[in-house]
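Single-letter residue listing:
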Amino acid sequence: MRYSGFRVIKEALTGHKGWAPAWRDPEPASHYDIVIIGGGGHGLATAHYLAKEFGQARVAVIEKGWIGGGNVGRNTTIIRSNYLLDGNEPFYEFSLKLWEGLEQDVNYNAMVSQRGILNLIHSDGQRDAFIRRGNAMILNGADADMLSTAQIKKRYPFLNTDDARFPIKGGLAQHRGGTVRHDAVAWGYARSADSRGVDIIQNCEVTGFRIEDGKCKGVETTRGFIGAGKVGCAVAGNSSRLMSLANMRLPIESHVLQAFVSEGLKPVLPGVITFGAGHFYCSQSDKGGLVFGGDIDGYNSYAQRGNLPVVEDVCEGAMAIFPMLGRARLLRMWGGVMDMSMDGSPIIDRTHIEGLYFNGGWCYGGFKAPPASGFAFAHLLARGEPHPTASSYRFGRFEKGLMIDEKGMGNQPNLH
Ligand SMILES: Cc1cc2nc3c(=O)[nH]c(=O)nc-3n(C[C@H](O)[C@H](O)[C@H](O)COP(=O)(O)OP(=O)(O)OC[C@H]3O[C@@H](n4cnc5c(N)ncnc54)[C@H](O)[C@@H]3O)c2cc1C
C-alpha cells in the first residue's frame, strides 16, 4: 500500500478499514542470500538499500526484540554533517543528502526537519577550530556558516551571551542539519524493505554463528538455524557481545548514553543547539518537549539505564546556557547502549571469516548515519567492495595507526 495524502483522506472517510500492517511477520526461511543481524537503523537501512539499489531480494533482518526498541528509537534525533576529517565528512554529507530524499525514497513520513544546528563558541581557540571545521565541510560540499554573537542573539534572544560563566563568542551553524523522528526511521526502512521482499523477523535472537572451514554458513537463533550466503552484523551497543560468538575481539567498548525530555513547552527553541564548553545538546520536539543529552556514563555497561551523576552533569550544562529552564520539569529519561570504537569512528568492513561482515562502532553519533551506513554496508555485502565514502572505516586502521580521530584526542576510554 502506498501512503499519500489522498490515502489518509480516503481512510478517514471510510472508517480506517483499509490500512494494512506496515510489514509482514514471516516465519524464518531455512536459507537466505544475506542475513542482517540487528533491526536498528543501520540493519534496516542496509536491507532497504540491498533490495532497492542492489537488487537483492532474498534478505532477512533478524532482530532479538522489536523494531525500534534499540538505539534507533532512543536517541536525541539529531542529524548533521559537520565533521572535520576526510575519512568522515564525505560519508556524513552523503548521509545528509540521503536524509533529504528519505521520505520520498521509503514513502514514509519520518518528520525530517532541517531546522539547523548551531555549535556555540566560547573561546578564541574554539573559534579557530570551528572555522577550520567549517572550511572542511564546505570543501566537501556541505554547508557551513560562522555566526556572530549578534546573529545568534537575534535567533535565540534568551541566551546569555555577555556575562555568563562561558560567554558566547559566536557559533558554527549548519542550516541543513536538524532532527528526524527516530523510530519513524526504523518503521519507514522496515516497511520499505518488507515491501521489496525482505523478511523482518522480530523476537529472534542470534545466539551463535555456524562457521565451517573459515566460512560463515549461517546463524544459530532462538528460532532455529538460519542458513546464509553472507551475514552482516549491525547490532550497535551489542557488537562486542555478538562478535565474541565468532571468537572475535573488537576494538570497541560499550557504555550507556542517556536522553532526557522536559514537559511540553511553547515553541522556544527553533533549532538544535550544542554547548561548546561542556557536553550538552538540545532541540525541541514537535510536541513541545525539550529533547536533550550529554556525555556517556562513566563505566562500561550493557544496561539500558543510566546513573544520577550524569543527570546532574547534563542539567548543569543546560543551566549554563538556558538558565530560564531551571523551573521546567523533567518528564522522562532513558538510556541506550553505545558501541565506542577506539578512535571514536565507525567500522564497516568484512571480517577475517569469509561471509561474515561487520557494521558498528557508531557510539553516540550513529543516528545521523543509517542512510549512508546502510547504503555503504549494502554496497560492501552485494559487491564485495567498500563504498567510496566509507573506504576509511576498515578494521585495519587500528593495526596501521590510521586512526580517524575526529577530535584529535582519542575516544578517551580512560575517562569513561
Ligand atoms: C540517548 C541516545 C542519544 C543519541 N543521540 C544521537 C543523536 O542525536 N544523533 C546521532 O547521530 N546519534 C545519536 N545516538 C546514537 C545512535 O542512536 C546510535 O549510534 C544508532 O542508533 C546505533 O545504530 P542502530 O540504530 O542500528 O542501533 P539499534 O537500534 O540499537 O539496533 C541494533 C539492534 O540489534 C539488536 N540485537 C542486538 N543483539 C542481537 C542479537 N544477538 N540478535 C538479534 N538482534 C540483536 C538490538 O535488539 C537492536 O534492536 C544516540 C544514542 C542514544 C542511546
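Cut-offs and rules
Each residue is numbered by its place in its chain's sequence as written, counting from 1. Only residues with pLDDT of at least 70 get local features here, since the model is predicted, and only at 80 or more are side-chain atom pairs given and counted; chain-wide, interface and lining totals rely on the full set of residues. Hydrogens and waters are ignored; side-chain quantities use all the structure's heavy atoms. Aromatic pairs are defined between Phe, Tyr and Trp rings, using the six-membered ring for Trp, whenever the two ring centres lie within 6.5 Å; interplanar angles under 30 degrees are classed as stacked, those over 60 as edge-to-face, and all others as tilted. We call a residue buried when its accessible area falls under 20% of the maximum for its residue type, exposed when it is over 50%, and partly exposed in between, using a 1.4 Å probe and counting protein chains only. Geometrically, a charge over a ring is one whose NZ (Lys) or CZ (Arg) sits within 6 Å of the ring centre while staying within 35 degrees of the ring normal. One speaks of a salt bridge when a side-chain nitrogen belonging to Lys or Arg is within 4 Å of a carboxyl oxygen belonging to Asp or Glu. Secondary structure is summarised from DSSP: a helix means a run of H or I of at least four residues, a strand means a run of E of at least two, and numbering begins at the N terminus for each. One heavy atom within 4 Å of a molecule or strand is enough for the residue carrying it to be called near that molecule or strand. Pairs of N or O atoms are called polar contacts if they sit within 3.5 Å, as long as, within protein, a hydrogen donor faces a hydrogen acceptor (for residues adjacent in sequence, only side-chain-to-side-chain pairs). Any residue that is not Ala, Val, Leu, Ile, Met, Phe, Trp, Tyr, Cys, Pro, Asp, Glu, Lys or Arg is counted as polar, Gly included; the first ten are nonpolar and the last four charged. Residue ranges assigned to each domain were obtained from an automatic or database domain assignment. We treat two strands as partners when DSSP finds at least two bridges between them. Angles run from 0 to 180 degrees between N-to-C directions of axes, and those axes are lines fitted to C-alpha atoms, restricted for helices to the stretch in contact. Every angle not falling under 35 degrees, over 145, or within 65 to 115 is termed oblique; those three ranges are roughly parallel, roughly antiparallel and roughly perpendicular. By convention, the crossing between two helices is left-handed when the near helix turns anticlockwise from the far helix through less than a right angle, and right-handed when the turn is clockwise. Note on contacts: a residue pair is in contact if any heavy atoms of the two residues lie within 4.5 Å. Note: buried area is the sum, over both parts, of the accessible area (probe 1.4 Å) each one loses when the two are combined.

**Re the packing of aromatic side chains**
Scanning all chains against the criterion turns up 18 aromatic pairs. With centroids separated by 5.1 Å and ring planes inclined at 90°, the aromatic side chains of Phe91 and Tyr92 adopt a geometry described as edge-to-face. Like Tyr92, Phe91 is buried. One aromatic cluster in this structure is built from Tyr156, Phe158, Phe260, Phe280, Phe292 and Phe322. Sitting above the plane of the Phe225 ring, Arg210 keeps its charged end 3.6 Å from the centroid.

**Some remarks on the pattern of salt bridges**
For the coordinates displayed, the defined rule picks out 19 salt bridges. When the shortest N-O distance is used, the salt bridge between Asp124 and Arg127 registers 3.3 Å. Placement of the pair is Asp124 and Arg127 together in helix H4 (residues 124-139), with a separation of three residues, close to one helical turn. Owing to a relative accessible area of 46%, Asp124 belongs among the partly exposed residues under this scheme. Among the residues examined, Arg127 registers a relative accessible area of 29% and is labelled partly exposed. Members of the salt-bridge network, linked through shared partners, are Glu93, Lys97, Glu100, Asp143 and Arg176.

**Comments concerning the site of the ligand**
Around the ligand lies a shell of 37 residues, among which Gly41, Glu63, Asn71, Val72 and Thr76 are the nearest. Taking His42, its main chain carries an N or O atom lying 3.1 Å from an oxygen atom of the ligand. Between the ligand and Thr76 there is a distance of 2.8 Å, counted from a nitrogen atom to a side-chain nitrogen or oxygen. Going through the elements one at a time, helix H2 (41-53), strand S12 (252-264) and strand S16 (330-341) are the ones with two or more residues in the shell around the ligand. Among the elements that take part in the shell around the ligand, S12 stands out by supplying three residues, more than any other. Tallied by class, residues from the shell around the ligand come to 17 nonpolar, 15 polar and five charged. For the shell around the ligand, the domains that each give at least three residues are domain 1 (5-98 + 182-249 + 344-415) and domain 2 (117-178 + 253-341).

**Description of the pairing of strand S17 (residues 347-350)**
Examined bridge by bridge, S17 and strand S18 (residues 356-360) share four bridges and lie antiparallel to one another. Along S18, the bridge assignment pairs Arg350 with Tyr357. Between the antiparallel neighbours S17 and S18 lie five residues, among them Gly355 with a positive phi of about 85°.

**Structural notes on the packing of H2 against helix H6 (residues 182-195)**
Each pair of packed helices can be summarised by the angle the axes make with each other and by the distance between the axes. For the pair H2 and H6, interaxial distance at closest approach is 8 Å and the crossing angle is 30°. Considered as vectors, H2 and H6 are oriented roughly parallel to each other. In this structure, the crossing between H2 and H6 has a hand that is left-handed. Across the interface between the two elements, Gly41, Leu44, Ala45, Ala47, His48 and Tyr49 of H2 pack against Ala186, Tyr189, Ala190, Ser192 and Ala193 of H6. Residue composition of the contact of H2 with H6, grouped by class: eight nonpolar, three polar and no charged.

**Remarks on the domain arrangement of the chain**
The domain boundaries assigned to the chain delineate domain 1 (5-98 + 182-249 + 344-415) and domain 2 (117-178 + 253-341). If you look at the interface, domain 1 gives 37 residues, while domain 2 gives 37 residues. Looking at the side of domain 1 facing domain 2, the largest losses of area belong to Arg74, Asn82 and Tyr364, adding up to 22% of the total buried there. In this assembly, domain 1 and domain 2 are joined by one salt bridge. The interface formed by domain 1 and domain 2 includes 14 residue pairs in polar contact (both at pLDDT 80 or more).

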